[in-house]
Amino acid sequence: CYMGRFEPLKNNGARLVKPLVRESDGDWVEETWDTALDLLAEKMNSLVNSGQGDGVFGLASSRCSNEELMLFRDLMTNGWSAGYMDTLDGSHFRTISGAWRIMENHFSEASWKLIPDCDCLIVVSADPYQSQPIISSLIRKSVLETGTKLIVIGQENPLQLWSSFHFPVKNGDEVQLIKALWAEAISSIKPPPHIKNWKVASKEAEGVDISKLIKKIGLSEKMKEAFREAATIFARSINPMFIAGAGLTGQEEPYGLRELMKLAELKDLLPGDTLRLIILKPNGNSTGAWILKLSSENIISNHNKLKGGLILLGGEDTSKIQVLDRLNGLDFLAVLSPYFPEALADKADVLIPKPLWMEENGSYTSLDGLAVRLKKRALHPPEGVKETWRTMIELANRTKFRPSYATWNELVEQALDEMKLLVVNRT
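Worth saying up front: this structure is predicted, and the values here are computed from it rather than measured. (Residues numbered from 1 in each chain as written. Predicted model: local features only at pLDDT ≥ 70, side-chain atom pairs only at ≥ 80, totals over all residues. Heavy atoms only, no water.)

Draft legend 1. Highlighting the overall build of the chain. Helices and strands together make up the secondary structure of the chain, namely 15 helices and 15 strands. The C-alpha radius of gyration of the chain comes to 24 Å, within 12% of the 22 Å expected for a compact globule of 427 residues. Expressed as lengths along the three principal axes of its C-alpha atoms, the size of the chain is roughly 70 × 50 × 40 Å. Of all 427 residues assigned to the chain, the portion counted as buried reaches 54%. When the accessible surface of the chain is split by element, carbon and sulfur atoms take 49% of a total near 19700 Å². (Helix = DSSP H or I, 4+ residues; strand = E, 2+ residues; numbered from the N terminus. Rg over C-alpha atoms; globule rule 2.2 N^0.38 Å. Buried < 20%, exposed > 50% of the residue type's maximum accessible area, 1.4 Å probe, protein only. Areas by Shrake-Rupley, 256 points an atom, 1.4 Å probe, with all protein chains shown as cover.)

This is the structure:
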């Protein structure tokens with residue numbers, strides 16, 4: 001897809017090719033690798049040993065490979081006793097995990113490979129063309145070749161061109177429409193065996209004022225009729241699927257996503273207690289980062305600024321960091337990034353170059369968390385830019401941490417063993 005083939009080459013940022021250190025007057029100066037890594041390690045070791053600030057923290061981009069993420073996690077926790085770690089898309093992780101907790105059922109997420117065979121597809125607050133282009137292609141394939149009825153809920157995006165119904169509700173109003181759809185459809189659906197309290201659910205649906213919900217989100221008379229048709233199509237479907245996007249997972253509270261899970265529950269489960277739901281993740285390896293426990297269930301209060309030392313393992317999305325306003329209180333900030341991070345230019349103390357994801361080997365986890373694919377680099381990094389794993393091993397050698405994986409192959413095997421997923425394209 002375009003994201004894997006062309007998008008990385010469109011970045012207009014300035015590549016980092018040598019380590020940079022910010023002097024007291026704010027100017028950035030080039031340093032040798034040893035000098036920059038010594039400075040970084042000495043500062044972090046000092047913060048850990050002296051107990052200054054609130055300790056040290058790690059923040060990572062989920063565009064990094066599984067090997068980078070695992071080694072970064074181990075370096076931060078074993079080398080510097082990091083008190084808190086997270087990913088740049090950690091808010092999405094917390095919303096998704098929160099929704100699963102509310103369900104109190106041990107269901108799993110469906111595979112994206114099921115999209116072409118479904119007869120009804122309900123996509124909520126998602127623009128897969130921007131986040132997961134292959135998913136967008138599969139949806140079009142399903143509509144054109146299988147005759148799938150596509151129902152799109154959310155603001156305008158390219159999918160509406162292929163949809164049978166498009167409900168352009170505002171961000172935040174999706175939950176109202178989903179709840180109304182659930183209440184409208186439940187009376188026409190045969191109770192699935194996994195819902196033991198169907199009478200309770202039916203009673204709850206009777207108490208939902210569908211007309212009030214539809215009026216609240218501002219659907220026109222024409223759209224109200226379309227809503228009833230969409231509910232009927234879903235109720236009669238044999239093999240429906242649901243796709244949740246960033247508009248739901250990016251919400252601070254998990255209740256919108258929970259309502260979609262509740263709607264998906266109305267239909268029979270897939271084999272393995274699998275809910276008919278696919279959750280689009282923000283980045284190419286979000287699932288891998290979350291399986292490796294890089295994202296935290298907890299969040300440091302938005303009202304508190306981070307203090308102590310922080311290392312950011314960045315990717316092409318380093319400039320999209322959402323906690324910029326909380327980095328002003330740090331004693332020390334180091335960034336590993338392919339590009340000069342303009343948004344952090346007045347906050348960082350040390351910048352360490354790293355290759356783009358397409359410039360180094362690594363494994364990546366599938367969207368559904370069922371498989372890992374090994375990827376070989378397609379390009380060579382700029383001359384002098386070290387592989388990320390080598391940089392982190394050099395940092396580990398400046399701490400008390402001595403990883404058991406000393407070579408690249410050992411690191412790969414360790415990551416694959418920890419994730420325990422199907423490995424695709426091992427050679």
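Draft legend 2. Region of the structure containing the packing of aromatic side chains. A complete count under the given rule lists 5 aromatic pairs for this structure. Note on Trp 28 and Phe 340: the rings are 5.9 Å apart at their centroids and 85° apart in plane angle, and the pair reads as edge-to-face. Here the residue Trp 28 occupies a position in strand E2 (residues 28-30), and Phe 340 occupies one in the loop between strand E11 (332-337) and strand E12 (350-353), the gap between them amounting to 312 residues. For the ring pair Phe 234 and Phe 242, a centre distance of 5.5 Å and an interplane angle of 75° mean the geometry is edge-to-face. A residue is classified by how much of its surface remains accessible, and Phe 234, at 0% relative accessible area, is buried. The ring of Tyr 339 carries the charged tip of Arg 15 above its face, separated from the ring centre by 5.6 Å. Of note, Lys 262 hangs over the ring of Trp 182, and the distance from its end group to the ring centre comes to 4.1 Å. (Phe/Tyr/Trp six-rings, centres within 6.5 Å; stacked < 30°, edge-to-face > 60°. Lys NZ or Arg CZ within 6 Å of the ring centre and 35° of its normal.)

Draft legend 3. Layout of unusual backbone geometry. Even without being a glycine, Ser 81 presents a positive backbone phi close to 50°. Note on placement: Ser 81 falls in the loop between helix H3 (66-79) and strand E4 (84-87). Ser 81 gets classed as partly exposed once you look at its relative accessible area, which sits at 42%. Unusually for a residue other than glycine, Asp 273 sits at a positive phi of about 50°. For Asp 273, a relative accessible area of 45% corresponds to the partly exposed category.

Draft legend 4. Region of interest: the sheet that holds strand E1 (residues 20-22). One open sheet accounts for 7 strands, arranged E2-E1-E12-E11-E10-E3-E4; its pairing is mixed. The open sheet has two edge strands with one neighbour each: E2 and E4. Within the sheet, the average angular offset between the axes of one strand and its neighbour, ignoring direction, is 15°. In terms of strand pairing, E1 meets E12 through 2 bridges, oriented antiparallel. Bridging from a neighbouring strand, Leu 20 pairs with Leu 351 of E12. Contacts from helix H2 (residues 33-50) reach E1, strand E3 (56-60), strand E10 (309-313), E11 and E12, with the element oriented near 130° to E12. Relative to the sheet, H3 contacts E3, E4 and E10, its axis offset from that of E3 by approximately 175°. (Pairing = 2+ DSSP bridges. Axes fitted to C-alpha atoms, helices over the stretch in contact; angles between N-to-C directions. Contact = heavy atoms within 4.5 Å.)

Draft legend 5. Looking closely at helix H8 (residues 198-206). For H8, the full list of buried residues reads Trp 198, Ala 201 and Ala 205. Down the axis of H8, the buried side of the element spans an arc of 60°, and every buried residue falls inside it. In H8, the exposed positions that point more than 90 degrees away from the buried face belong to Lys 199, Val 200, Lys 203 and Glu 206. Contacts made by the buried residues of H8 are with helix H7 (174-185). (Arc of directions from axis to C-beta.)

Draft legend 6. Focus on the packing of H2 against helix H14 (residues 388-396). One way to put it is that H2 packs onto H14 with a least axis distance of 10 Å and a crossing angle of 55°. The angle between the axes of H2 and H14 places the two elements in the oblique class. The interaxial crossing formed by H2 with H14 has right-handed handedness. Here Trp 33, Asp 34, Leu 37 and Leu 40 of H2 lie close against H14, whose contacting residues are Thr 391, Glu 394 and Leu 395. Considering only residue class, the contact of H2 with H14 consists of 4 nonpolar, 1 polar and 2 charged. (Parallel < 35°, antiparallel > 145°, perpendicular 65-115°, else oblique. Left-handed = near helix turned anticlockwise from the far one by under 90°. Nonpolar A, V, L, I, M, F, W, Y, C, P; charged D, E, K, R; others polar.)

Draft legend 7. Seen up close, the pairing of strand E13 (residues 362-365). Because side chains alternate across E13, one face comprises the buried residues Gly 362 and Tyr 364, and the other comprises Ser 363 and Thr 365, equally buried. By the bridge criterion, 4 bridges tie E13 to strand E14 (residues 371-375) in an arrangement that is antiparallel. Residue pairing across strands places Thr 365 opposite Val 372, the latter belonging to E14. Taking the residues that link successive antiparallel strands as the turn, the E13-E14 hairpin has 5 residues, and the phi of Gly 369 there is positive, at about 75°.

Draft legend 8. Structural detail: the sheet that holds strand E7 (residues 165-167). As summarised here, the arrangement of the 5 strands in space is E7-E6-E5-E8-E9, forming an open sheet in which the pairing is parallel. Each edge of the open sheet is held by one strand with a lone partner, namely E7 and strand E9 (277-279). Strand after strand, the sheet turns through a mean of 15° between neighbouring axes, direction not considered. In the sheet, strand E6 (residues 149-153) pairs with E7 via 3 bridges, with the strands oriented parallel.

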